[in-house]
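Given next are the chains, with one letter for each unit.
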Amino acid sequence: MIITFKKARLGYGRKVVLNDISFTIEAGDYFGIVGPNGAGKTTMLRAILGSLKPLGGTVETESPSGGPLRIGYVPQRDTIDDVLPYTVDEVVVMGRFRRLGLLRHPSHADRDAVSRSLTHVKVENLHAHTFKDLSGGQKQRVLIARALASEPEALILDEPTNGMDLPSRLAILDLIEDLHEEGGLTVIMVSHLLEDVANYVRHLAIVEREFFQVGPVEDVLTGPNLSRLYNMPVTVERVHDRTIILAGEGHGTR
Amino acid sequence: MEPGEIASTILREFPYALYGSILVAVACSYLGVYIVARRVVFFGAVLTQVSVLGLAATFLPFFAVPHTVGSLAFTLICVVILSQLFTGKKIPRDAVLGFVFVLSVAARILVMQKAPKVEAAEIENLLRGDILFVTPDLFWLMAGAFAVTALPNILFYKEFSFITFDAETARTQGYSARTWDIAFYLLAGVIIAFATHMVGDLFVFGFLVIPPVAALLVAKRVRTIFIISVLIGVLCPPVGLYLAFLWDFPSSPSIVGVAVVFAGIAYLLRLVRKQ
């Protein structure tokens, strides 16, 4: 296991957002975190990333080879402030800064790692383009490339398909799956889009203050669980080997 | 006066006005790129006002310290207090800055009222930042302060860039965004405090904003933005001082006016490029 929550109580100051959370994420897993807005997904993510200390219990991360876990983080695109016109190369090389340390500048090896990462996510042709001028899907690939440039053991993505059109969304999800399948990379994906996680992840955590469920996706992503989570009738169906989520009764049926 | 005569008068009679204003303009134009990129322009405005308050306070009998010390002390204390207040979510950042801005201006007026009347003209000159009376001592003090603050800015360029671009991911990479933020604002505070003492708040705030904005309009690369912004900082003071002598205008507003003209040209260039 690389991430372990033991009776973790998470929150800010006196405000407890999630209580008594216990689960593990194994190396090589593809793990999804879903839940309504404000339910605590970001809080859980921050605990994994180490930027939020638990109020109680423990959240431990450990590399499969011992030592600290190397995390490649892909933030939501809209949290990035692109006033300055950084090139794609300049953005991706930021993924190498932790390895470089203070006062050292990127070497040829770092440039090679940037190049490899861009090739991996199939945007090597964009390396000299300005990041702020790219489409949503291209930006997402570049941010994934930056995370890969840090040579991570776990890739954590926060709402990676938010605000994308359908083809871009599927392309990004396929890319993430390829990284997981081919490289054996542990992937943790936070999303509020249920179908994104339903058809890709292996294990799933449903996050809600009073209703926390975790386990294999087919056990957790069920109609009764989702109905309770969203406080409305929800059914989960299989169509052409894909999982689809149907919400509400009579809503949007004309 | 003939054009050549004006230039030689400036170089002969007011050399440190020219060198000092170029020094401040370059420092503020460089720093301003980060200020604009971080969307904290109002923070720059607040620090210049706090710095002016610090200057004014040195005229009070019970705070009779050198002007630069007063300006620096007030500015750095303000940076530390603001960095604490910024962490709260109850009050928006802009509101905190607005509060400090109003407080600084009001306090300055009150301080001026209580300062000895005989020094009123000197206070007025100092607060307005009379470029023509920059002394060699003040210039070299400034040059030293800028050298000291420029060094970390250059050495930690990649860290400041990362935090400016994507603080959240930088945090996951082990950078304490808060520590780097405070370091940046303290460095900015030192530059603003010294610069305000030397050339006044209008000049400082003008060069924190106008050259970076002009550079952002025309440059396509980050390094080019810094280069163009600094270049505007180098060019505006000699042109502005020359025009101030030619038309008998005050020097600071003339120099800032030239910077505005550069920004206008940059805007037109951008329009032409778009078409």
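Residues take numbers from 1 onward in each chain, read along the sequence in its written order. The naming scheme follows written order: chains are lettered A onward, ligands numbered 1 onward. Only residues with pLDDT of at least 70 are given local features in this predicted model, and only at 80 or more are side-chain atom pairs given and counted; all residues enter the totals for whole chains, interfaces and linings. Hydrogens are left out, water is left out, and the side-chain values use all remaining heavy atoms of the structure.

A. A look at the interface of chain A and chain B. In what follows, a contact means two residues having at least one pair of non-hydrogen atoms within 4.5 Å. Taken together, the contact pairs 29 residues of chain A with 25 residues of chain B. As used here, buried area is the combined drop in accessible area, with a 1.4 Å probe, of two parts when they are placed together. Summed over both sides, the interface between chain A and chain B buries roughly 2700 Å², with carbon and sulfur atoms accounting for 61% of that surface. Salt bridges are defined as contacts in which a side-chain nitrogen from Lys or Arg sits within 4 Å of a carboxyl oxygen from Asp or Glu. For the pair chain A and chain B, the interface holds one salt bridge. Here Asp166(B) ties to Arg146(A) by a salt bridge, and the two come within 2.4 Å at their closest N and O atoms.

B. Region of interest: the sheet that holds strand β6 (residues 154-158) of chain A. Residue and element names in this part refer to chain A. Each pair of strands is called paired provided DSSP finds at least two bridges between the two strands. Secondary structure is summarised from DSSP: a helix means a run of H or I of at least four residues, a strand means a run of E of at least two, and numbering begins at the N terminus for each. Across the sheet, six strands lie side by side as β5-β6-β7-β3-β8-β9; this open sheet has mixed pairing. Two strands lie at the open edges of the sheet, namely β5 (71-74) and β9 (213-216), each paired on one side alone. Pairs of neighbouring strands in the sheet enclose a mean axial angle of 15 degrees, with direction left out of account. Sheet analysis places strand β3 (residues 30-34) next to strand β7 (residues 186-190), joined by four bridges and oriented parallel. Interaxial angles span 0 to 180 degrees and are taken between N-to-C directions of axes, which are lines fitted to C-alpha atoms, for helices over the stretch in contact.

C. Highlighting the side chain of Lys139(A). Residues and elements named next belong to chain A. Here Lys139 lies in helix α5 (residues 136-149). Whether a residue is buried, partly exposed or exposed follows from its accessible area with a 1.4 Å probe, protein chains only, as a fraction of its type maximum: under 20%, in between, or over 50%, in that order. When its relative accessible area of 16% is taken as the criterion, Lys139 is described as buried. Side-chain polar atoms of Lys139 contact the side chain of Asp82, separated by 3.3 Å. Setting aside residues up to four positions removed in sequence, Lys139 forms contacts with Arg77, Asp82, Phe131, Lys132 and Leu134. Counted as a polar contact is a pair of N or O atoms within 3.5 Å, where, for protein atoms, one must be capable of donating a hydrogen and the other of accepting one, and residues adjacent in sequence contribute only when both atoms are in side chains.

D. Focus on the pattern of salt bridges. This model, assessed by the stated rule, comprises 13 salt bridges over all chains. A salt bridge links Arg202(A) to Glu181(A); the nearest nitrogen and oxygen atoms lie 2.6 Å apart. Of this pair, Arg202(A) sits in the loop between α7 (194-198) and β8 (203-206) while Glu181(A) sits in helix α6 (residues 166-183), and the two are 21 residues apart along the sequence. By relative accessible area, Arg202(A) is classed as partly exposed at 32%. Of the charged contacts in the structure, one is a salt bridge between Asp181(B) and Arg38(B), with a shortest N-O distance of 2.7 Å. Here Arg38(B) lies in the loop between α2 (15-37) and α3 (41-57) and Asp181(B) lies in helix α9 (residues 177-199), a separation of 143 residues in the sequence.

E. Just the packing of aromatic side chains, in detail. Residue and element names in this part refer to chain B. Between rings of Phe, Tyr and Trp, where Trp is taken as its six-membered ring, a pair exists when centres lie within 6.5 Å; planes separated by under 30 degrees are stacked, by over 60 edge-to-face, and by other angles tilted. In total, this model carries 28 aromatic pairs over all chains according to the counting rule given. Aromatic side chains Tyr30 and Tyr34 sit 6.2 Å apart centroid to centroid with 75 degrees between the ring planes, which places their arrangement in the edge-to-face category. Linking Tyr30 with Tyr34, this pair stays in helix α2, spanning four residues, or about one helical turn. For Tyr34, a relative accessible area of 1% puts it in the buried group. Ring geometry for Phe139 against Trp140: centres 5.0 Å apart, planes inclined by 75 degrees, an arrangement best described as edge-to-face. Among the residues examined, Phe139 registers a relative accessible area of 9% and is labelled buried. Comment: the charge-over-ring label is applied if NZ (Lys) or CZ (Arg) is within 6 Å of the ring centre and within 35 degrees of the ring normal. One Lys or Arg, Arg38, reaches over the ring of Phe184 and ends 4.3 Å from the middle of that ring. Across the ring face of Tyr185, the terminal group of Arg38 is positioned such that the distance to the ring centre comes to 5.7 Å.

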